[in-house]
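Coordinates in review
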Amino acid sequence: MGKFCLQCQDGTKLKLATKDVTVEVRGESCIVPKVKGWHCPACGDIEYADKDSSDRMWEAVEALGAKAKARDAAILAHARKRLKLTQKQAAELTGGGHNAFSRYERGEAVPMRAVINLFKLLDKHPELVKELA
Ligand SMILES: [Zn+2]
């Protein structure tokens with residue numbers, strides 16, 4: 001008896017296999033080897049066949065999330081210091097509350113991608129910060 005993909009919902013059949021799966025979280029990715037489960041050939045969704053596979057996938061997702069958070073925190077802290085802004089001044093530019101920036105830099109909150117993008121741009125063109133004040 002076949003299993004059908006619950007994501008695709010169009011009768012796509014899942015295939016039981018053990019294969020290496022690429023996991024991506026906010027721009028960070030890694031390969032989790034030998035994931036045993038029912039794989040969807042269309043969307044890549046997986047129904048895990050054992051707890052070990054599902055545990056290893058979740059560990060990878062959490063590790064990538066932590067890595068992305070640390071990367072974003074470092075980008076923001078670096079750019080902010082280069083712009084000679086306090087965390088409070090940086091938060092005034094991006095919104096989200098007066099302590100939003102210190103929370104981003106400590107990895108306690110995930111900034112919106114627009115915040116990261118703004119500070120990447122300002123890091124390259126620091127003179128533009130005057131336009132925002
Ligand atoms: Zn699917």
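Report on the accompanying structure. (Residues numbered from 1 in each chain as written. Predicted model: local features only at pLDDT ≥ 70, side-chain atom pairs only at ≥ 80, totals over all residues. Heavy atoms only, no water.)

Here the focus is the coordination of the zinc ion. Every protein donor of the zinc ion is accounted for by Cys-5 (SG), Cys-8 (SG), Cys-40 (SG) and Cys-43 (SG), and the metal-donor separations fall at 2.2 to 2.3 Å. Read from N- to C-terminus, the donor residues coordinating the zinc ion fall into the pattern C-x2-C-x31-C-x2-C. Taken together, the residues span a long stretch of sequence, with Cys-5 in the segment before strand E1 (15-25) and Cys-43 in the loop between strand E2 (28-39) and strand E3 (46-48) at a distance of 38 residues. Given the relative accessible area of 4%, Cys-5 is considered buried. (Donors = N, O, S within 2.8 Å, 3.2 Å for Na, K, Ca; no water. Helix = DSSP H or I, 4+ residues; strand = E, 2+ residues; numbered from the N terminus. Buried < 20%, exposed > 50% of the residue type's maximum accessible area, 1.4 Å probe, protein only.)

Tallied over the entire structure, the rule returns two aromatic pairs. An angle of 65° between the planes, with centres 5.7 Å apart, marks the rings of Phe-101 and Tyr-104 as edge-to-face. One end of the pair is Phe-101 and the other is Tyr-104, both in helix H3 (residues 100-105) and three residues apart, which spans about a single turn. Like Phe-101, the residue Tyr-104 is buried in the burial classification. (Phe/Tyr/Trp six-rings, centres within 6.5 Å; stacked < 30°, edge-to-face > 60°.)

Our next topic: the sheet that holds E3. Note on sheets: strands pair through backbone hydrogen bonds, and any given pair is parallel or antiparallel. The strand order across the open sheet formed by three strands is E1-E2-E3, and the pairing between neighbours is antiparallel. The two strands at the open ends of the sheet, each matched to only one other strand, are E1 and E3. On average, each strand axis in the sheet is tilted by 45° relative to the strand beside it, whichever way the strands run. Pairing analysis gives three bridges linking E2 to E3, with the strands arranged antiparallel. Counted as the bridge partner of Gly-37 is Tyr-48 from E3. Along the sheet face, helix H1 (residues 51-82) touches E1, E2 and E3 and points at about 165° away from the line of E2. (Pairing = 2+ DSSP bridges. Axes fitted to C-alpha atoms, helices over the stretch in contact; angles between N-to-C directions. Contact = heavy atoms within 4.5 Å.)

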